[in-house]
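Structural characterization, general
Next come the chains, spelled out residue by residue.
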Amino acid sequence: MPHFLSDLPQWVPWLGGAVLAVVGAAAKSWLEARLKQAADFFYARLAGSRLLRRTALARYVRELHARHSKFAVSFQADDALKLPMESVYVPLRCAEASSPRPGEIAATLHREPHSVVLGVPGAGKTMLLRHEALMWAKGRLRPGRRARGKPRVDLADLTDVPVLLELHRLNKKPEWSLEQHIADHFGRHEFPRADKWVARALERGDLALYFDGLDEVASDHRDQAVDRIKDFAQRYGECRIVVTCRVAVYDGGFADQFHQTLRVQDFDEHLIRRFLGGWPWPEGMADDTVEQLLGALRDTPQLMPLARNPLLLTMIAYLYSYVYAGTDQVLPHTRADFYKQVVDNLLMDRRRQPRFAFPLKKAVLQALALAAQDVPSGSHDRLARPEREVLETVREVLRAQGQDEAMAEDVLREIADRSGLLLSVDNGERYQFAHLTLQEYAAACALAADPEGLLRRYRADPAAWREAVRLWCGVEARDCTEVVRAVYAGDALLAFQCLADALVVDEGLAEAIIGEFRRRLGTSGDPFVEAPLTAAFALVAADRRPRGTRVFAFLRETVRAAGGSSRAAAACRALAATNLPKAAEALAETPGRAAQEALASMGDIAVPALRRPAENGTPWAVEGLWRIRTPKAALALNDLLWSERPSDELFRCAVHLGELITVPDIEEELRTAPVDPGSRNWLPWVWGPFARGADDRLTAVAGRIAWVLQRSLHAGWPLGEGLPNPDPRIMAALSVVSHPVGVGPTENITRPPSAALQEALPEGADETAVLAHALELLRSAGMSPRRNAYLARLPCHLRLKAVICLAFEGPAHVNVWAFAGTTVPGPTPLRRWLTRTGCLALPATAIVYGLVASMTGPPVHGLFAALGVPALGAGVLVLLARRESWEEKLRLNAHPIRRLLLPELLRNAGRAQR
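1. Quick look at a negative patch on the surface
- Together, D223, D227, D231 and D251 make up a region of like negative charge exposed at the surface.
- Overall, D223 belongs to the exposed group, its relative accessible area being 53%.

Listed below in structure tokens is the structure:
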């Protein structure tokens, strides 16, 4: 070592090593950053080429999944409140314009190539499209080769590729074609320069185009946008196209070309419960939080209609989670008070220390709302205002309050970043309210002391100011008579709606308005047209003041006196919308289909009113409990199922409760439901494969349903077309298992027709042909009509599997099904060999060896022959005695029910739970 190095202190080499390590790490980081920049540079320019196209598509799938797997609450910008889409999303229901029968909207969209989806603000139209994109992306992701590596993407058969295009982008670049906007969408989702691939995919029909928010296109460009989409749909007819729009804006522009128009329906109590069940409640909340919140909503009739809107229900859940938790605070009783609590609590931001005072931020928010509301309806993109205009409004408020105008940007940023009431869009170039209703409420507050300004704005732009006028009437306890009178002169319905919100109105004016709408009730005969009127009647009738009592009495008398007329039907819907227990009692006493449907729409409030007629054997009451589809309604049906009743009533309860088991939260509730422990009238083996332990009460419930169905079908009660299908797990058990002794005559199927099935079917036959032919062979072989009725109630793919099991093995023994969910301990490999061959091969070999040895070998071989052969003979007897039980276990484990039918039933149950 050089002399000068030996004179250095000992810490110097250590310091040098540390410096070199830091420099090396920095150099490595710099090199990695440069390499990444180079890779991104070349990828951005070559992604659309054949060389990198599969990589670009894989990135697109991953990006779709990453963007849509979680969503931020639209009125709360905190990243900690991003919610998982799959757990919170609730499938929306819809009704076609031509048929009011509800259905699940996601499935209905796939029925036609081109659809229009309509809904009120916050109904979940955008969430529907985001969920569709997420499910498509998730279906193509596979686990990575490493535990923490990126998921692999299956690019085989890449069709129906979702493109979620927000139509407000047409406002910013109206000169672009839709093809250019679609290519730009791919560029924003990790697939740049996708023009050529998009053109080919459109020609092949491989894209699913989701055009979201036609109402967000400026009104002076909206007709042009409709024409462009219609031309696009005609040019690329093989692509699936969905357009969403607010109900109030849509004028039927697609009616001549899009053959399916769907309207998103409000949440009923079943869907409200599902949403709240998936909400991520904070730690420490009570186990029965959902039940407490539902009870609070039922006690506040003005808030229950808000809870039927997904966005407003999200606001309610937010208040209950982060504002009311640990306090004695209760939900407000009016819409205006509800919005006040939402806005005030979001602006206060109690979780962090705010920089600016709450009154200042509230004044700024109201000024911004008023300025946004003042933008005419026909203006270009009236919802989002440019940043410079927003900042100028903030400066005006600061000047009026004697504050420093230089704080404008900081005030705006704190409101947007912390409260989420304002959203920064278009890369910060514009700002808009998180929801139009919040803007309308804040604008009404800004005009609280200026009724003339409110009316002047309403007369100039009625469509934009309708909701703000209603909210203004409830913002403060003021006399609203003159405002309501002025509105009544031009829009009687709005004046009637204002009566529910106004705290003080002249009684003479109120009676005149109510009298006019008493005459109008039910005159149109169209439920969709009548919906605003019936909703207004419900809000006024739910009011606890004398005016509300009089309107409620009028509705009750109309229901009783008008019979089955459209007027009575409208009154029934209005009574149901009040969400009052006394309304449920009044509807339960009213005969007719309209009253029954209205009663079922009330949710758990109607369960006590429906239970009494159901106990008296009224068929429509049982159907009403089934339509409610909540755990409380299912428990009421379960109580009826275990009571002593006539056969037809038990049959009706069994069929309807059997279908409700398919609802996940009802299935969980029935696992602890009360049952009759002393009853023997149930089949314990039916739910064996799906039971969760010995204490699972659903085993008894499902067994009771199966017992009632068996006995009722044997007595001649058919599963007609008007009845729901019981849970496939129950019907599959009854379909493939031989009927126990004591429940009707035993079938005499002469032979399993598997050979005939194989011989008679032509090669390449489809599933329908296989199913029809197999059923015919089973009938000819002696299958009973009752088993055929069970099979008919299974979904087609499960029916085919059940028929194949019957064709190859015949009806199975009860034990095959009862133990189908577990692996029956079978023989070891040695025992399996002994079972199949050893019982004959070993004794024969021993006897031959003993005879030969006794004649040719030493005496010891004779001794072996004398002693060994009897011992082997005894072993053979033991093997023969055990062979039957071993063969039975082998047959149980290899039965087609285990390999074919049960895995599909378990998968279906798992999907329902998720």
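2. Concerning the pairing of strand 11 (residues 260-264)
- Here strand 11 shows a buried face lined by Q260, L262 and V264 and an unburied face lined by T261 and R263.
- The sheet contact formed by strand 5 (residues 114-119) and strand 11 spans 4 bridges and is parallel. Bridge assignment links S115 to a residue of strand 11, and that residue is Q260.

3. Here we look at the packing of helix 31 (residues 619-628) against helix 32 (residues 631-641)
- Contact pair helix 31 / helix 32: the axes reach a minimum separation of 7 Å and the direction vectors enclose 145°. The hand of the helix 31/helix 32 crossing is left-handed. Packed against helix 31, whose contacting residues are V622, L625, W626 and I628, the element helix 32 presents A633, A636 and L637 at the interface.
- Taken together, the residues of the contact of helix 31 with helix 32 break down into 7 nonpolar, no polar and no charged.

4. Quick word on the confidence of the model for the protein
- A residue-level look at the protein finds 78% of positions with pLDDT of 70 or above and a mean pLDDT of 80.
- Ranking the elements of the protein by mean pLDDT puts helix 1 (residues 3-6) last with 52 and strand 9 (residues 207-212) first with 95.
- Confidence drops under pLDDT 50 across residues 97-101; counting only partners more than four residues distant or on other chains, this segment forms 5 contacts.
- For the stretch residues 823-827, pLDDT sits under 50, and the model shows 13 contacts to residues farther than four places along the chain or on other chains.

5. A few points about the pattern of salt bridges
- In total, this model carries 50 salt bridges according to the counting rule given.
- For the salt bridge of D501 with R470, the shortest nitrogen-to-oxygen distance reads 3.4 Å. Residue D501 is found in helix 23 (residues 492-501), and its partner R470 is found in helix 21 (residues 462-475); the two are separated by 31 residues along the sequence. This pair shows no difference in class: D501 is buried, exactly as R470 is.
- Several salt bridges share partner residues, and in doing so they unite E667, E668, R671, R692, D696, D727 and R729 into one network.

6. Considering unusual backbone geometry
- Positive phi is not limited to glycine here, since D160 has a value of about 55°.
- With respect to the helices and strands, the residue D160 is situated in the loop between strand 7 (152-153) and strand 8 (161-166).
- Residue N579 is not a glycine yet carries a positive backbone phi of 60°.
- Among the secondary structure elements, N579 is positioned in the loop between helix 27 (566-577) and helix 28 (581-588).

7. Here's the deal with the environment of S643
- Mapped onto the secondary structure, S643 falls in the loop between helix 32 and helix 33 (647-660).
- Not counting residues up to four positions away in its chain, the partners in contact with S643 are L650 and R704.
- A distance of 2.7 Å separates the side chain of S643 from the backbone oxygen of L640, its partner in a polar contact.

8. A short note on the packing of helix 28 against helix 29 (residues 593-600)
- Remark: helix 28 packs on helix 29, axes separated minimally by 9 Å, with the N-to-C direction vectors making an angle of 150°. In terms of axis orientation, helix 28 runs roughly antiparallel to helix 29. Note on packing geometry: the crossing formed by helix 28 with helix 29 is left-handed. Every residue of helix 29 that contacts helix 28 at A584, L587 and A588 is listed here: A595, A598 and L599.
- When its residues are assigned to classes, the contact of helix 28 with helix 29 shows 6 nonpolar, no polar and no charged.

Here is what the cut-offs are and how they apply
Residues numbered from 1 in each chain as written. Predicted model: local features only at pLDDT ≥ 70, side-chain atom pairs only at ≥ 80, totals over all residues. Heavy atoms only, no water. Patch = residues over 30% accessible without salt bridge, like charges linked within 9 Å, V, L, I, M, F, W, Y side chains within 5 Å. Areas by Shrake-Rupley, 256 points an atom, 1.4 Å probe, with all protein chains shown as cover. Salt bridge = Lys/Arg side-chain N within 4 Å of Asp/Glu carboxyl O. Lys, Arg positive; Asp, Glu negative; His and termini not counted. Charge placed at Lys NZ, Arg CZ, Asp CG, Glu CD. Buried < 20%, exposed > 50% of the residue type's maximum accessible area, 1.4 Å probe, protein only. Helix = DSSP H or I, 4+ residues; strand = E, 2+ residues; numbered from the N terminus. Pairing = 2+ DSSP bridges. Axes fitted to C-alpha atoms, helices over the stretch in contact; angles between N-to-C directions. Left-handed = near helix turned anticlockwise from the far one by under 90°. Contact = heavy atoms within 4.5 Å. Nonpolar A, V, L, I, M, F, W, Y, C, P; charged D, E, K, R; others polar. pLDDT = per-residue confidence, 0-100. Polar contact = N/O pair within 3.5 Å; in protein donor to acceptor, adjacent residues only side chain to side chain. Parallel < 35°, antiparallel > 145°, perpendicular 65-115°, else oblique.

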